[in-house]
Amino acid sequence: MKKVVKFGGSSLANAQQFRKVGEIIRSDESRRFVVPSAPGKRFDGDTKVTDMLYSCYQCAARGEDFSNQMKAIKERYYEIIRGLNLELSLEEEFARIEADFKAQAGTEYAASRGEFLNGKIMSAYLGYEFVDAASVIRFDKNGNLESEITNRLLSKKLSRCENAVIPGFYGASEDGMVRTFSRGGSDVTGSLVAKAIRADMYENWTDVSGFLVTDPRIVENPQVIETITYRELRELSYMGATVLHEDAIFPVRDDGIPINIRNTNRPQDQGTLIVESTCKKPKFTITGIAGKKGFCSINIEKSMMNSEVGFGRKVLQVFEDQGISFEHMPSGIDTMTVYVHQSEFEEKEQQVIAGIHRAVQPDFVEMESDLALIAVVGRGMKSNRGTAGRIFSALAHANVNVKMIDQGSSELNIIIGVENRDFEAAVRAIYDIFVLTQI
């Protein structure tokens, strides 16, 4: 059995956390390939090493003295090395980094050094082979991942390794220039490694015991989701739920490799299993609740619009011409409503309104701002009647006015629109009726 284990920044913030990680890895011999992030915050108010590197490089790029900032970064790493009682020097690596900073190697290179150096420490601590991600993860000249080449390089290299540490977050283009994923991209590295070695499991270790049913900042101590499908996760991630980088799903999904979200500080917890499909019944009718504030709606009304061929296309063309993407588009016989991000729309609202009038000659156009969208997601909704009715009932009881409801044909999710000010109350009401009371 082969497992890839990825550890986030909070799991590797100091020597004490490193020791926890070491115990986790050594407790299961199938945990053969390790993907570390850069050291995160050690305490509230602390600074992540990646942010320290960004700041340090900005000084270097301006031609300013960055020695004090580099010294602080060095100390973060040597604090970990001393705490682990390792005979390890990173002076050669730091000398190269300083020279590259002076030569203005780029912000992506600067950011990647956090994972690179942590990978060196992890490799020495575990006695695993170190594999520089720049040699096995390939980006094109535009900074896009080249999946097939990456899989070929990783597979070839790791097939010769019994155990290895591959730093997360970065790779390189063919000319050797270091490129990075977006923040949180170490999740993607772990997924690519899992695909390349055809892993049985990809364990993603972080500081929470799995994916929660909803945001703990809104609902106190929400339940952990035991099993979730890739499709459900995509729906929740799209609406703001963040535990895993959304691009980390695709490489393992293609090969049917499950992802297990685990808690470094509570390794006894089973966490959340993310799978392609499952016959396991969900604990609740819904799997999760997620949402975002900051939307507005444009309601277009025209008699007999449903019989006018191309009406919807013409309306959406106006938004496309202004570079605005839409979120949802519920419609009726004589009405069509387009939901968009308010921040994107406000500067161009008059151009859009004028464009709609020119394109389809509506009877009436009305706008409403300061709206929130909430996604209620769950594979269990297919086999349970009255889900939408229960949502309406819960929201009515909480005195929340529903502005929109939209259910996809997959019956996997229901989207509800409410006012921004009712967002938290709506989430709590839905959680209460499906999780706490389970009527």
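Check the entry above for the structure.
Rules used in this analysis
- Residues numbered from 1 in each chain as written.
- Predicted model: local features only at pLDDT ≥ 70, side-chain atom pairs only at ≥ 80, totals over all residues.
- Heavy atoms only, no water.
- Pairing = 2+ DSSP bridges.
- Helix = DSSP H or I, 4+ residues; strand = E, 2+ residues; numbered from the N terminus.
- Contact = heavy atoms within 4.5 Å.
- Axes fitted to C-alpha atoms, helices over the stretch in contact; angles between N-to-C directions.
- Phe/Tyr/Trp six-rings, centres within 6.5 Å; stacked < 30°, edge-to-face > 60°.
- Buried < 20%, exposed > 50% of the residue type's maximum accessible area, 1.4 Å probe, protein only.
- Lys NZ or Arg CZ within 6 Å of the ring centre and 35° of its normal.
- Parallel < 35°, antiparallel > 145°, perpendicular 65-115°, else oblique.
- Left-handed = near helix turned anticlockwise from the far one by under 90°.
- Nonpolar A, V, L, I, M, F, W, Y, C, P; charged D, E, K, R; others polar.
- Salt bridge = Lys/Arg side-chain N within 4 Å of Asp/Glu carboxyl O.
- Polar contact = N/O pair within 3.5 Å; in protein donor to acceptor, adjacent residues only side chain to side chain.
- 1 Å grid on protein atoms, 1.4 Å probe; cavity = no way out; pocket = protein on both sides within 12 Å on 5 of 7 lines; lining within 4 Å.
- Points joined across faces, edges and corners; volume = space filled by probe spheres on them.

Attention now goes to the sheet that holds strand S11 (residues 272-275). In space, the eight strands of this open sheet follow the order S3-S5-S2-S1-S8-S10-S11-S9, with mixed pairing throughout. Whereas interior strands pair on both sides, the edge strands pair on one side only; in this sheet they are strand S3 (129-130) and strand S9 (227-229). Of the pairings in the sheet, the one linking strand S2 (residues 31-36) to strand S5 (residues 164-165) comprises two bridges and is parallel in character. Bridge assignment links Val 34 to a residue of S5, and that residue is Val 165. Running over the sheet, helix H8 (residues 230-238) touches S9, strand S10 (259-263) and S11 and is turned about 85° from S9.

What follows concerns the packing of aromatic side chains. Applying the stated criterion to the full structure yields nine aromatic pairs. Between Phe 101 and Tyr 109 the ring centres are 6.3 Å apart and the planes differ by 75°, which places this aromatic pair in the edge-to-face class. There is no split in this pair, since Phe 101 and Tyr 109 are both buried. One aromatic cluster in this structure is built from Tyr 57, Phe 66, Phe 101 and Tyr 109. Above the ring of Tyr 125, the side-chain terminus of Arg 26 is found at 4.7 Å from the ring centroid. Over the face of the ring belonging to Phe 130 we find Lys 120, whose NZ or CZ atom lies 4.5 Å from the ring centre.

Before going further, it helps to examine the packing of helix H1 (residues 15-26) against helix H5 (residues 107-126). How two helices sit against one another is set out by the angle between their axes and by the gap between those axes. Packing of H1 against H5 leaves a shortest axis separation of 11 Å and a crossing angle of 55°. Relative to H5, the element H1 lies oblique. Between H1 and H5 lies a crossing whose hand is right-handed. Of the residues in H5, those in contact with Phe 18, Arg 19, Val 21, Gly 22, Ile 25 and Arg 26 of H1 are Asn 118, Ile 121, Met 122, Tyr 125 and Leu 126. By residue class, the composition of the contact of H1 with H5 is seven nonpolar, two polar and two charged.

Within the secondary structure, Thr 272 is located in strand S11. Take Thr 272: its relative accessible area is 0%, and that puts it in the buried class. Filtering out sequence-adjacent residues up to four positions away, Thr 272 remains in contact with Gly 210, Phe 211, Val 224, Ile 225, Glu 226, Ile 228, Ile 259, Asn 260 and Ile 261.

Further remarks concern the pattern of salt bridges. For the coordinates displayed, the defined rule picks out 29 salt bridges. The partner of Glu 108 in a salt bridge is Arg 179, with the nearest N and O atoms 3.1 Å apart. Here Glu 108, found in helix H5, pairs with Arg 179, found in strand S7 (residues 178-180); they are 71 residues apart in sequence, far enough to count as distant. Residue classification places Arg 179 among the buried positions, given a relative accessible area of 14%. Measuring nitrogen to oxygen at the nearest pair gives 2.9 Å for the salt bridge that ties Lys 293 to Glu 424. Residue Lys 293 is located in strand S12 (residues 288-301), and its partner Glu 424 is located in helix H14 (residues 423-436); the two are separated by 131 residues in the primary sequence. By sharing partners, the salt bridges in this structure join Lys 3, Asp 28, Arg 31, Glu 203 and Arg 262 into a single network.

Here we come to the packing of helix H10 (residues 311-321) against helix H12 (residues 349-360). Closest axis-to-axis distance for the H10/H12 pair is 9 Å, and the angle between their directions is 150°. One finds that H10 runs roughly antiparallel with respect to H12. For the crossing formed where H10 meets H12, the hand is right-handed. Contacts between H10 and H12 involve Phe 311, Lys 314, Val 315, Val 318 and Phe 319 from the first element and Val 352, Gly 355, Ile 356, Ala 359 and Val 360 from the second. Its residues placed into classes, the contact of H10 with H12 shows eight nonpolar, one polar and one charged.

Moving on to the environment of Ala 72. One can find Ala 72 in helix H3 (residues 67-83). Sequence separation between Ala 72 and Leu 53 is 19 residues, and the spatial gap between their C-alpha atoms is 10.0 Å.

Next up on the list: the environment of Lys 2. Tracing the backbone through its elements, the reader meets Lys 2 in the segment before strand S1 (3-7). As for Lys 2 and Ile 197, which are separated by 195 residues in sequence, their C-alpha atoms are 8.0 Å apart. Ignoring anything within four residues of it in the chain, the contact list for Lys 2 reads Ser 30, Arg 32, Ile 197, Arg 198, Ala 199, Asp 200 and Met 201. Engagement of the side chain of Lys 2 in a polar contact is seen with the backbone oxygen of Ile 197, the distance being 2.7 Å.

Here the focus is unusual backbone geometry. Phi at Asn 85 is positive, roughly 55°, even though this residue is not glycine. Inspection of the secondary structure assignment puts Asn 85 in the loop between H3 and helix H4 (91-102). By relative accessible area, which is 65% here, Asn 85 ends up exposed. Backbone geometry places Phe 169, a non-glycine residue, at a positive phi of 85°. Among the secondary structure elements, Phe 169 is positioned in the loop between S5 and strand S6 (170-173).

All right, on to the sheet that holds S6 then. Strands sit in the order S4-S6-S7 across an open sheet of three strands; the sheet is mixed. Two strands in the sheet have a free side with no partner beyond their single neighbour: strand S4 (138-139) and S7. Bridging between S4 and S6 involves two bridges; their strand directions are parallel. When the bridges of S6 are listed, Phe 139 appears paired with Ser 173. In the packing of H5 onto the sheet, contacts are made with S6 and S7, and the angle to S7 comes to roughly 80°.

Before going further, it helps to spend a moment on the layout of surface pockets. Each pocket or cavity is described by its volume, and for the largest pocket that value is around 1200 Å³. Thr 206, Asp 207, Thr 242, Val 243 and Leu 244 are, among the 45 residues lining the largest pocket, the residues nearest its centre. If one sorts the elements of the lining of the largest pocket by residue count, S12 sits on top with three residues. Residues belonging to the lining of the largest pocket are distributed by class as follows: 19 nonpolar, 17 polar and nine charged. Residue lining of the second largest pocket: 20 residues in total, with Thr 278, Lys 280, Pro 282, Arg 379 and Gly 380 positioned closest to the centre. Residues belonging to the lining of the second largest pocket are distributed by class as follows: four nonpolar, eight polar and eight charged.

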